[in-house]
Structure formats: C-alpha cells, structure tokens
Amino acid sequence: MLIKRPGDIAPSEITPRTLFDQRRDFLRQSGAGLIAGAALWAGLPSGARAASLGALSKSAFSTMEEMTPRKDVTSYNNFYEFGTDKADPAERAGVMKTRPWTVRIEGLVNKPRTFDIDEILRMAPLEERIYRLRCVEAWSMVIPWVGFPLSALLKQVDPQGSAKYVQFISHYDPKIMSRLPVLDWPYREGLRLDEAMHPLTLLTVGLYGETLPNQNGAPVRIVVPWKYGFKSAKSIVTIRLLEKQPETSWNMAGPEEYGFYSNVNPEVDHPRWSQARERRIGEFRKRPTLPFNGYADQVASLYSSMDLKRQF
Ligand SMILES: Nc1nc2c(c(=O)[nH]1)N[C@H]1C(S)=C(S)[C@@H](COP(=O)(O)O)O[C@H]1N2
Ligand SMILES: [Mo]
C-alpha cells in the first residue's frame, strides 16, 4: 500500500495535463483501469534477489549527508513502465527478467558493440558513490549507488568527432509493462556528449552494496546527480551516439515543463510548482534546493555560455 506522505504530488500534477486527461479518457473508455490496477500484474513470479557486489572503492565524489534508508530507496520509486504510483514499481517490477541482458552501443561510434551485462560489471572497478537524487516532483533522497563513470563504457566504442549527444533507451516489454499512453514508450532520455563523459555521470549497477533491485532500474541505469531524476534512465538496453539532440520521453510529453537539460535549478520553477525547495524523504520540513543539486563546483562550467532560464 502507498502511504501518502505530506507534500506528495499526485500523478495528476506530475504528468503533463493533456496526457493525464488522455489517459483518464482511455481508462474510462476501455475499462483498462481494472486491468492496470490488478489483473495485469497479479500472480506473476517475483524477480531475482539482490546479490552482493563485493569490494567497492569509496568515491571522493560522495556526499557526507545522511543516507536515505534502503527501505525507502527501494519502495518509493518512479518507474512508469510499472505504474505511476510510488509503490507500484516495487510491487510489479519483479517480473522483469534481468538475465540475459545486453546493452547495444551504436550510432556515431567507430566500434559499435553489444555488451553483455556481465561484461559491463567487470569492465571497470566498481565504486560506491553516495549521491543525492532530486526528483522534479520536489522530493529528494541520498543513495549509495554502485557503478563506474559512463565515460569508461563510451571510450570502448570510440565516439566519432561528429557525435554530440547520447541517447539512452530503456527496455520495454508490453507483456509485463504498462500499455497506457502515459509516456511514449520505450522510455528515452538523453545527454550532451560532454555531460555523458563527465566523471560524475555514473553507469549504475547497484545500491547499498548490492545489485540494483528491479524497481531501481536493474540491471543497469544512468545516474546524473546534477539533473532532475527523470534524466537518469533505468533498465537501459540501447545507447546511441548522435549528432542532433535526441528525443526524450518527458520532453516529448511536456516540452514547457521538462526541458532537455533539466539541470536542478531552484531559480527555474516548474510551471505548476516551485523548485526552490525540496522534501528529503524521511524528513518533514522542506530544505532549500541547491543549484545543480549541490554539484555546481564540478559542472557549472559545462553551461557557462548558456542562459539556463531559457535552456532549462
Ligand atoms: N525507464 C525509466 N526510467 C526512469 C523513470 C521511468 O519512469 N522509467 N523515472 C525517472 C524518474 S522521474 C526518477 S525520479 C528516477 C527515480 O529513480 P529511483 O526510483 O531509483 O529513485 O528514475 C528515472 N528513470
Ligand atoms: Mo522524477
């Protein structure tokens, strides 16, 4: 059961208005509400158990803030393929099979390749990185992620000079995932190549010392700590290097509300709510949101020539 916490924002507010209305109409017309609510996910086996990732080096990039309890990190999630309530992913994502799993890297690279997930796990030393995750819905957590810089993976495929952007595409299986037109599936996200190559951008395979629970994006996701959480695509199957800015699911759904950059910025409000403060999960009183989610020293220079109010 979802226990409503003070300050939570209903899906009606998160989802761009037009889409929310479409979805409501769709549910009314088709009676799909019942399917989505119960039958579709009922009685399916639960997923793999978390496995220890062994010895991890501690990263100098970690925040010293108190970590959000594992229980909250793994039960209060956004993974719309498995439903729009925060409790849905933990209840439903267990059916997703995360082995075998491959990640295809293609597009403007000299050595396109399909990597097996177990190859990726051995590719570079795994680090524990304690990062804040700031959702666009104005809540945040502090999570001990496990992974290595995405740049280590991208270097293996040798990006071409014309590559300027990176697109991430999440796994989509309509047999076990939502078929509601909440977002344009498969979930897509993107970064500029310099953002993707930045040492803070983490190719993430675990949290709290273990493999990722399915609801957190198993077996591999991105974590970009200075951007709103939706930029961090889960359960990735394709990474594509491109010359032009890629389509991204949230930007396609509501371009006035979810910009391509979506850098955490207390001065740029979401059109329907303020981004000046946030509620750390587990805390009651709100705290101020920091520019670039507190990572300004490391990343502000990436945007020195940009007007971040216009290119939000
Ligand atoms: N494929 C996919 N990735 C996704 C999402 C999603 O719905 N689908 N939600 C995003 C949002 S809005 C947030 S805040 C984070 C949440 O990550 P967490 O559940 O591990 O905290 O995942 C992001 N990645
Ligand atoms: Mo989010």
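Quick notes on the rules
- Each residue is numbered by its place in its chain's sequence as written, counting from 1.
- Starting at A for chains and at 1 for ligands, labels are handed out in the order in which the entities are written.
- Where local features are concerned, this predicted model is filtered to residues with pLDDT of at least 70; where side-chain atom pairs are given and counted, the filter is 80 or more; whole-chain, interface and lining totals use all residues.
- Where side-chain values are given, they derive from all heavy atoms of the structure, hydrogens and water being excluded.
- Take the buried Ala, Val, Leu, Ile, Met, Phe, Trp, Tyr and Cys residues and link them wherever side-chain atoms come within 4.5 Å; each set so joined is a nonpolar core.
- Here's how the labels work: a residue is buried when its accessible area is under 20% of the maximum for its type, exposed when over 50%, partly exposed in between, all with a 1.4 Å probe on protein chains only.
- Put simply, DSSP H or I for four residues or longer makes a helix, DSSP E for two residues or longer makes a strand, and each gets a number counted from the N terminus.
- When checking whether two residues touch, look at their non-hydrogen atoms; a contact exists if any pair is within 4.5 Å.
- Pairs of strands are assigned from DSSP output, requiring at least two bridges between the strands.
- Each residue is tested against the molecule or strand, and it is near if at least one of its non-hydrogen atoms lies within 4 Å.
- Here a polar contact is recorded for every N or O atom pair within 3.5 Å, except that within protein the pair must consist of a potential hydrogen donor and a potential acceptor, and residues adjacent in sequence are included only if both atoms are side-chain atoms.
- Per-residue accessibility takes into account occlusion by the displayed protein chains alone, with areas from the Shrake-Rupley method and a 1.4 Å probe.
- Points on a 1 Å grid, built from protein atoms alone, make a cavity when a 1.4 Å probe fits but cannot get out and make a pocket when they are open with protein on both sides within 12 Å along at least 5 of 7 lines; residues with an atom within 4 Å of a point are the lining residues.
- Criterion for pocket placement: a molecule counts as inside a cavity or pocket if more than half of its atoms are within 2 Å of its grid points.
- In this classification, Asp, Glu, Lys and Arg are treated as charged, Ala, Val, Leu, Ile, Met, Phe, Trp, Tyr, Cys and Pro as nonpolar, and every other residue, Gly included, as polar.

**Section: the nonpolar core**
Across soluble globular proteins, you tend to see nonpolar side chains buried next to one another. Counting residues in each nonpolar core, the largest one holds 79 residues, and the members touching the most others are Trp-145, Leu-150, Phe-168, Trp-226, Ile-239 and Leu-241. Examining the composition of this core, we find that six residues originate from one element, strand β5 (residues 139-149), more than from any other. Other than its neighbours up to four places away in sequence, Trp-226 contacts Glu-195, His-198, Leu-200, Thr-201, Asn-263, Val-264, Phe-292, Asn-293, Tyr-295, Val-299, Leu-302 and Tyr-303.

**Some details on the pairing of strand β4 (residues 127-134)**
Within β4, eight of the eight residues are buried, leaving the element largely enclosed by the surrounding structure. Burial along β4 is two-sided: the residues Glu-127, Arg-129, Tyr-131 and Leu-133 and Glu-128, Ile-130, Arg-132 and Arg-134 are all buried. With eight bridges connecting them, β4 and β5 associate as antiparallel partners. When the bridges of β5 are listed, Glu-127 appears paired with Gly-147. Remark: four residues form the turn of the hairpin made by β4 and β5, two consecutive strands paired antiparallel; Ala-138 in that turn has positive phi of roughly 75 degrees.

**As for the side chain of Gln-215**
Mapping Gln-215 onto the fold places it in the loop between β9 (210-211) and β10 (221-223). Overall, the relative accessible area of 13% leaves Gln-215 in the buried class. Leave out the neighbours within four places in its chain, and Gln-215 touches Thr-74, Asn-77, Phe-79, Pro-89, Ala-90, Ala-93 and Lys-234.

**Looking at the site of ligand 1**
In the neighbourhood of ligand 1, 17 residues make up the surrounding shell, with Tyr-80, Glu-81, Arg-221, Ser-232 and Lys-234 lying closest. One of the backbone nitrogen or oxygen atoms of Tyr-80 is found 2.7 Å away from an oxygen atom of ligand 1. Contact between ligand 1 and Ser-232: a nitrogen atom at 2.8 Å from a main-chain N or O atom of the residue. In isolation ligand 1 offers 530 Å² of accessible surface; the protein chains occlude 99% of this area. According to the grid-proximity analysis, the pocket containing ligand 1 is the largest cavity. Along the lines of polarity and charge, the residues of the shell around ligand 1 split into eight nonpolar, six polar and three charged.

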